[in-house]
Amino acid sequence: AIVGKTGCGKSTIVQLLNRLYDNSSGEILIDNCPIQNINLNDLRSQTGCVPQDVFLFSDTIQNNISFGSEKENFDLIFEAAKNADLIANINKFPKKFRTKIGERGVTLSGGQKQRISIARAIIKNPKILIFDDCLSAVDTKTEKSILKSLKKIMKNKTSIIISHRISSVILAKKIIVLEDGEIVES
């Protein structure tokens, strides 16, 4: 887990891990291999990332969850939605999974948007999971439910949870505290 105040560099680490840009100093290693030596498509196909700023398409809930995944299997989409604690919300919509959510998910709450993004990341069954402050818009009851599901999903995966909330990082084996772009505690 990575914790720290706003602006300390947590989201910059996510951008570096996703190779949105490369580090100018130091090294990022995955399995002792410099990240720049890993094929970008291979890296991204094995990474499930839930960004801080969720991007949703003006499409159905189902298509937003399955976006970027080769898995169009509805059972897998349903399971991902269930693990993101979305089923009760989806069932309230008249067309359920076929509900169109509008541009950037305008018809959804912030927490619903985040949970669709979580479902999108986990449906790929990636080897690396990155959660960038993805539980900030959900209440504590929903957070506990999602973390319970994530505990099973994160098994045998490299998982990085970035958060302002200490309650969101309870699953972590190691917690890194950032301050002004530097690790101050581990």
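You'll find the structure just up there.
Numbers given for residues are sequential positions, taken from 1 along each chain in its written order. Reporting of local features is limited, given that this is a predicted model, to residues whose pLDDT is at least 70; pairs of side-chain atoms are given and counted only at 80 or more, and all residues count toward the totals for whole chains, interfaces and linings. Hydrogens and waters are ignored; side-chain quantities use all the structure's heavy atoms.

Trainee: Pulling in residues and values, what's your account of the layout of surface pockets?
Mentor: Using protein atoms alone on a 1 Å grid, points that fit a 1.4 Å probe yet trap it form a cavity, whereas open point sets bounded by protein on both sides within 12 Å along at least five of seven lines form a pocket; residues with an atom within 4 Å of a point count as lining. Grid points are joined across faces, edges and corners, and a volume is the space filled by probe spheres set on the points. Of the pockets and cavities examined, the largest pocket occupies roughly 1300 Å³. In terms of lining residues, the largest pocket is bounded by 44 residues, among which Leu17, Ile128, Thr158, Ser159 and Ile160 are the most central. Each helix is a run of DSSP H or I of at least 4 residues and each strand a run of E of at least 2, with the numbering of both proceeding from the N terminus. Among the elements of the structure, helix H1 (10–17), strand E2 (29–30), helix H2 (40–45), strand E5 (128–132), strand E6 (158–163), strand E7 (176–179) and strand E8 (182–185) are those that each provide at least two residues to the lining of the largest pocket. The residue makeup of the lining of the largest pocket, split by class, is 23 nonpolar, 11 polar and 10 charged. Put simply, the second largest pocket is a space of about 530 Å³. Surrounding the second largest pocket, 21 residues form its lining, Asn18, Leu20, Gly48, Cys49 and Pro51 being those nearest its centre. Residue assignment for the lining of the second largest pocket shows that the elements contributing at least two residues are H1, strand E4 (47–50) and helix H6 (110–123). Of the residues that constitute the lining of the second largest pocket, the class distribution is eight nonpolar, eight polar and five charged. Under this grouping Gly is polar, as are all residues other than the nonpolar Ala, Val, Leu, Ile, Met, Phe, Trp, Tyr, Cys and Pro and the charged Asp, Glu, Lys and Arg.

Trainee: Could you give an account of unusual backbone geometry, naming the residues involved and the relevant values?
Mentor: Excluding glycine, residues mostly have negative phi values, and the peptide bonds linking residues are mostly trans. With a phi angle near 65°, Asn32 is a residue other than glycine that sits in the positive phi range. Residue placement: Asn32 occurs in the loop between E2 and strand E3 (33–34). A positive phi is found at Asn125, a non-glycine position, where the angle reads about 50°. Structurally, the position occupied by Asn125 is in the loop between H6 and E5.

Trainee: Outline the packing of aromatic side chains, supporting the account with residue identities and numerical values.
Mentor: Ring geometry is summarised as follows: Phe, Tyr and Trp rings, the Trp one being its six-membered ring, pair when their centres sit within 6.5 Å, and such pairs are stacked at plane angles under 30 degrees, edge-to-face over 60 and tilted between the two. Counting across every chain of the model gives five aromatic pairs. Measuring from ring centre to ring centre gives 5.1 Å for Phe55 and Phe57, while their planes differ by 80°; the resulting arrangement is edge-to-face. Under the relative-accessibility criterion, Phe57 is labelled partly exposed at 30%. Ring plane angle 50° and centroid distance 4.5 Å describe the contact between Phe57 and Phe67, whose orientation is recorded as tilted. Of this pair, Phe57 sits in the loop between E4 and helix H3 (61–66) while Phe67 sits in the loop between H3 and helix H4 (74–83), and the two are 10 residues apart along the sequence. Put simply, the rings of Phe55, Phe57 and Phe67 touch in pairs and so form one group of aromatic residues. Whether a residue is buried, partly exposed or exposed follows from its accessible area with a 1.4 Å probe, protein chains only, as a fraction of its type maximum: under 20%, in between, or over 50%, in that order.

Trainee: If you had to explain empty space enclosed by the protein to someone new, which residues and values would you point to?
Mentor: Under the defined criterion, the tally for this structure stands at one cavity of 30 Å³ or more. Space inside the largest cavity adds up to approximately 50 Å³. What lines the largest cavity is Phe131, Asp133, Cys134, Leu135, Ser136, Ile161, Ile162, Ser163, Arg165 and Ser168. Per-element tally for the lining of the largest cavity: the top contributor is E6, with three residues. Partitioning the lining of the largest cavity into residue classes produces five nonpolar, three polar and two charged.

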